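Descriptive analysis of the structure
Here's the letter readout for the chains.
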Amino acid sequence: MTQAARNIRSTEAEVEAGFETGVEAGVETEVETEVEARTEVEARAEVEASTEATTEVAPANANASATGTASATATPTPTPITRPLRTVGPAVRPGATLAVTSAATAVALMNYTAPMLTLPGMTASFHTALSAQAWLLNGAPLGLAALLLIAGSLADDHGRRRVFLAGTLALGITMGLGALAPTTLTFTLARVAQGMASAAILASSLGLLVAAFPAGSARIHATGVWGAFVSGGIALGPLLAGSLATLNWRLIYGALAVPALITAGFALRTLTESRAPRGGRPDVSAAFTLSLAFTALIGALTLGHDGWLRPGVLVLLAAAAVLTAVFVLVERRATSPMIDLALFRRAEFLASSAGALFTGLAVIGFFSYLPALLSRSLGTSPMNAAWLFVLWSGSAFVVALQARRLASRVAARHQLAIGFVLHAAGVLAMLGALTSGPLPRLIPGLLLAGIGSGLLNAALPRLAVESVPAERAAMGSGANNTARYIGSSAGVALTIAVAPAGPNTVLVLSAALAALAAALTVMLRSRARPGLSG
């Protein structure tokens, strides 16, 4: 037997004697001593074995040594479990996290929809030319589309709580600045900044929820509630705007600034930081290129209202295409890309992105212009238009809250398809009602479309986080919402373009886009399945 083996056996005997004495005495600290001693035995064995000149041991002695070592290691040394860093700071409070993120999301969506009913007052106050009025509506979508994907990537890498706090504070401040804006340009710039702040909120919210709720029914419920508050914000924004617009359109933005700042205060006290750093430097070149591409695209969509073949519009569309190609090249070479382009080979991610894009095109684009249609065709007052709007978005809120019950029975992409079909059916039910009235004829169609929107708003955030790795949840949310708000800008542009042909043409366009989305969502799985859905 080697000297190392003799030392080990001697120390083992001491350890076992000490351990038995500790057990008989009932002293817990002896157990800790025993564990430490065993660790020392293993460390000493490694050191002495490395310096031992003899590398072979007789079979009998080897067996004896092995038997002795086995008895000494019957109780293995506790080994700490290493897990990826998820949270930083105090324990996560899931309920508080859901409440704060949902409240901030509702405020952001209220701000997003407010101009639908404040547009007449703003244009009169600013003396805005007809060609520039679209910028008052598209300022926030521009900020959202330009920053959503970037905000999601930054949140995952550098802290979701940090990005969320920055977003809520910035939203409160920029809404206050918007209320004080003296010109069309300054208000549009304030709206762009509000869109960027909203992007930080929307992108980081789902990342915070993924960190706070385990995968399964709890997370499905949380994302469903969050999606319901998207509908709630859409419902309350026009209602609040309609009630305050009769006094002064600026009041709505000042009134919304207060809850945004209050939410920031609650977030500071209740949220726990979470992140999933990948290492490396931020992908600044890709972020800058993508922002320019989205700015050029939405600029083209906005200016296209006055003619799609004008040189300025064509130049912007070409610039958007070139910059998007440059972005793809930059991302392929990046060590820490802002978005993993391989995700676009996954069927669920494609369904998430396509569903969000067509939600913007078919649903948000139509309902963003509905108050104007009601006013021009039927002479509906802003307040009555707001109440009709609530029928749609209020029913969407209720359905989104209850949609979690479908999670175990209906796949998220099938839920998207059902939602699009119901929207198409609801919009077609309104044919003729926007030209001859009466207003009650709109109610069945609005309720049916609202049910469809509720299913969409519940399925989209669920699919956004399910279609990407859990540690990239904020990036997935950013990609999903980017597609949604690019779609909404394009949807508004398409709706305005066909509006001169009559309200029924607008209805048919929305229904056709929704039907196409339903078919595409169902087909994506079967087409992407061979080697692409993993």
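To keep things clear, this report deals only with the structure shown in the data block. (Residues numbered from 1 in each chain as written. Predicted model: local features only at pLDDT ≥ 70, side-chain atom pairs only at ≥ 80, totals over all residues. Heavy atoms only, no water.)

The next point concerns the packing of aromatic side chains. One pass over the full model with this rule turns up twelve aromatic pairs. Aromatic side chains F344 and F349 sit 5.0 Å apart centroid to centroid with 85° between the ring planes, which places their arrangement in the edge-to-face category. Owing to a relative accessible area of 1%, F349 belongs among the buried residues under this scheme. Ring geometry for F367 versus W392: centroids 3.8 Å apart, planes at 10°, classification stacked. Of this pair, F367 sits in helix α13 (residues 347-378) while W392 sits in helix α14 (residues 382-402), placing them 25 residues apart in sequence. For the pair F367 and W392, one class covers both residues: buried. Cluster of aromatic residues (ring-pair linked, three or more members): F126, F187, W249 and Y253. (Phe/Tyr/Trp six-rings, centres within 6.5 Å; stacked < 30°, edge-to-face > 60°. Buried < 20%, exposed > 50% of the residue type's maximum accessible area, 1.4 Å probe, protein only. Helix = DSSP H or I, 4+ residues; strand = E, 2+ residues; numbered from the N terminus.)

This brings us to the environment of L329. If you trace the backbone, L329 turns up in helix α12 (residues 311-333). Classification of L329 as partly exposed rests on a relative accessible area of 48%.

Our focus in this paragraph is the packing of helix α7 (residues 160-180) against helix α10 (residues 250-270). In contact at an axis separation of 8 Å, α7 and α10 are set at 160° when each is read in the N-to-C sense. Judged by the inter-axis angle, α7 sits roughly antiparallel to α10. In the crossing of α7 with α10, the sense of the turn from one axis to the other is left-handed. Across the contact of α7 with α10, the residue classes break down as 16 nonpolar, five polar and two charged. (Axes fitted to C-alpha atoms, helices over the stretch in contact; angles between N-to-C directions. Parallel < 35°, antiparallel > 145°, perpendicular 65-115°, else oblique. Left-handed = near helix turned anticlockwise from the far one by under 90°. Nonpolar A, V, L, I, M, F, W, Y, C, P; charged D, E, K, R; others polar.)

Note that every value here comes from positions in space, so none of it alone points to a role or purpose.
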